[in-house]
Amino acid sequence: NCSYCGATVSPGTKTVERATFFDAWTRAQATPSPSHSDGKAIQWLGNRYTVLATLGKGQHSDVLLTERSSGLPCRVVLKLAAAEGRCAILRREADTLASLQAINASGSAYYSQRLPQPLGVGTAQQPGQPDRDALGLRHPPGYWGSLAEVALQHGSGIDPRHAVWMWRRMLEVLSFVHGNGWAHGDLQPAHALVHPRDHGVLLIGWSHARRFSPTERGGATGRDLAQTAWTIRALLHGQGAGEPGVGKQTPAPLSALLRQCSEDAQYAARLSAEGVERALSAASQAAFGPAQFLHFDPAPQRG
């Protein structure tokens, strides 16, 4: 019985014959004939991947959505170093994510599924291009895109009721991360992926994350919390000019909390992620009443 979520896990009794398992494993390793041009093929860590889409281009890496070509295909996000050869930043991010996944604390089984899951770092080979380092991340299904893309699609700002659950999802993860001595260090709309159906947010972009000492705790956690508040302000502000406000439709309790946390990192640090989340729940209750689930459309302009 899990002391954190209350789930009960029981051992099964089914036996898999060795020969049956080996046959299935052999089929899974078989590489089918590619259905795409060689220009969209990548060889990485002994497997062939087909590029499905370009997710983004940053200063240090190109981010691609790929699919492994095998009897058991799976989708993987590959971050290819922007420059030829090895990339220390990608390797540092891989080490950070591995450390976060290795945390053994209350709630770790739950939060390990809400943090990026690294598959490794290795040389990526593409026909006609120089070899480059690549970090592979398991691609979680259902995530639409980043909050930066959401902001582009909502020119007048998002509904404040959606801002509440988005901020809460970020605070929940930061509560776990901060509680185990880590800070993200670079939270911004582009580093938060949104799951419209399940109202989820996945924090990515951990290349600047670091452990903090007890004396650094306030500054490190306060910075993270202030950045989440600025992220939500950007979503509420929309595409208007000037410094992000809090949106014309944002109720006063939520507006006040956002301003306090974004403009006073020390205040946010004193509250902690858990305290900000409690304050957010109180502000939401005062502004909107009892919680209710509302459908979220990340790209209404495309409709």
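Residues numbered from 1 in each chain as written. Predicted model: local features only at pLDDT ≥ 70, side-chain atom pairs only at ≥ 80, totals over all residues. Heavy atoms only, no water.

Draft legend 1. Main features of the side chain of Thr231. Locating Thr231 in the fold gives a position in helix α6 (residues 217-237). Relative accessible area serves as the criterion here: at 2%, Thr231 is assigned to the buried category. Ignoring sequence-local partners within four residues, the contact set of Thr231 consists of Leu147, Met170, Leu187, Gln188 and Pro189. (Helix = DSSP H or I, 4+ residues; strand = E, 2+ residues; numbered from the N terminus. Buried < 20%, exposed > 50% of the residue type's maximum accessible area, 1.4 Å probe, protein only. Contact = heavy atoms within 4.5 Å.)

Draft legend 2. View of the pattern of salt bridges. The tally for this structure, following the rule as stated, stands at 11 salt bridges. Salt-bridge contacts for Lys57 lead to Asp62; the nearest nitrogen and oxygen are separated by 3.8 Å. We classify Lys57 as exposed; its relative accessible area is 66%. Glu216 is paired through a salt bridge with Arg210; the nearest N and O atoms lie 3.4 Å apart. Taking the relative accessible area as the measure of exposure, Arg210 reaches 39% and is therefore partly exposed. (Salt bridge = Lys/Arg side-chain N within 4 Å of Asp/Glu carboxyl O.)

Draft legend 3. Spatial organisation of the layout of surface pockets. Considering only enclosed or pocket space, the largest pocket measures out at about 980 Å³ in volume. Contributing to the lining of the largest pocket are 36 residues, with Val63, Lys79, Ala190, His191 and Ile204 lying nearest its centre. Elements that contribute at least two residues to the lining of the largest pocket include exactly β2 (47-57), β3 (61-68), β4 (75-81), α2 (88-101), β6 (132-138) and β7 (145-146). Among the residues making up the lining of the largest pocket, the classes are represented as 15 nonpolar, 14 polar and seven charged. By volume, the second largest pocket amounts to about 410 Å³. As for the second largest pocket, its lining consists of 21 residues, of which Gln113, Arg114, Pro140, Tyr143 and Leu202 are closest to the centre. At the level of elements, α3 (108-111), α5 (160-179) and β10 (200-203) are the ones that each hand at least two residues to the lining of the second largest pocket. (1 Å grid on protein atoms, 1.4 Å probe; cavity = no way out; pocket = protein on both sides within 12 Å on 5 of 7 lines; lining within 4 Å. Points joined across faces, edges and corners; volume = space filled by probe spheres on them. Nonpolar A, V, L, I, M, F, W, Y, C, P; charged D, E, K, R; others polar.)

Draft legend 4. Representation of the packing of helix α7 (residues 252-263) against helix α8 (residues 265-288) within the structure. The contact between α7 and α8 brings their axes to 10 Å, and the two run at 170 degrees. One finds that α7 runs roughly antiparallel with respect to α8. On α8, the residues touching Pro253, Leu254, Leu257, Gln260, Cys261 and Glu263 of α7 are Ala265, Tyr267, Ala268, Val276, Ala279, Leu280, Ala283 and Ala286. For the contact of α7 with α8, a count of residues per class yields 12 nonpolar, one polar and one charged. (Axes fitted to C-alpha atoms, helices over the stretch in contact; angles between N-to-C directions. Parallel < 35°, antiparallel > 145°, perpendicular 65-115°, else oblique.)

Draft legend 5. Fine view of the nonpolar core. Of all hydrophobic cores here, the largest spans 54 residues; its most connected members are Met166, Trp167, Leu203 and Ile232. Tallying contributions element by element places α5 first for this core, with 11 residues. With near-sequence residues (within four places) excluded, Trp167 lies in contact with Thr228, Ala229, Ile232, Leu254, Leu257, Leu258, Cys261, Val276 and Leu280. Among the nonpolar cores identified, the runner-up in size contains 10 residues, and Ile42, Trp44, Val51 and Leu80 belong to it. (Core = buried A, V, L, I, M, F, W, Y, C linked by side-chain atoms within 4.5 Å.)

Draft legend 6. Region of the structure containing the packing of aromatic side chains. Applying the stated criterion across every chain, the model contains four aromatic pairs. Aromatic pair Tyr110 and Tyr111: ring centres 4.8 Å apart, planes at 85 degrees, arrangement edge-to-face. Overall, the relative accessible area of 31% leaves Tyr110 in the partly exposed class. Consider the rings of Tyr111 and Phe176, whose centres lie 4.8 Å apart with planes at 15 degrees: the pair is stacked. Taken as a pair, Tyr111 in helix α3 and Phe176 in helix α5 lie far apart in primary sequence, 65 residues in all. With a relative accessible area of 10%, Tyr111 lands in the buried category. (Phe/Tyr/Trp six-rings, centres within 6.5 Å; stacked < 30°, edge-to-face > 60°.)

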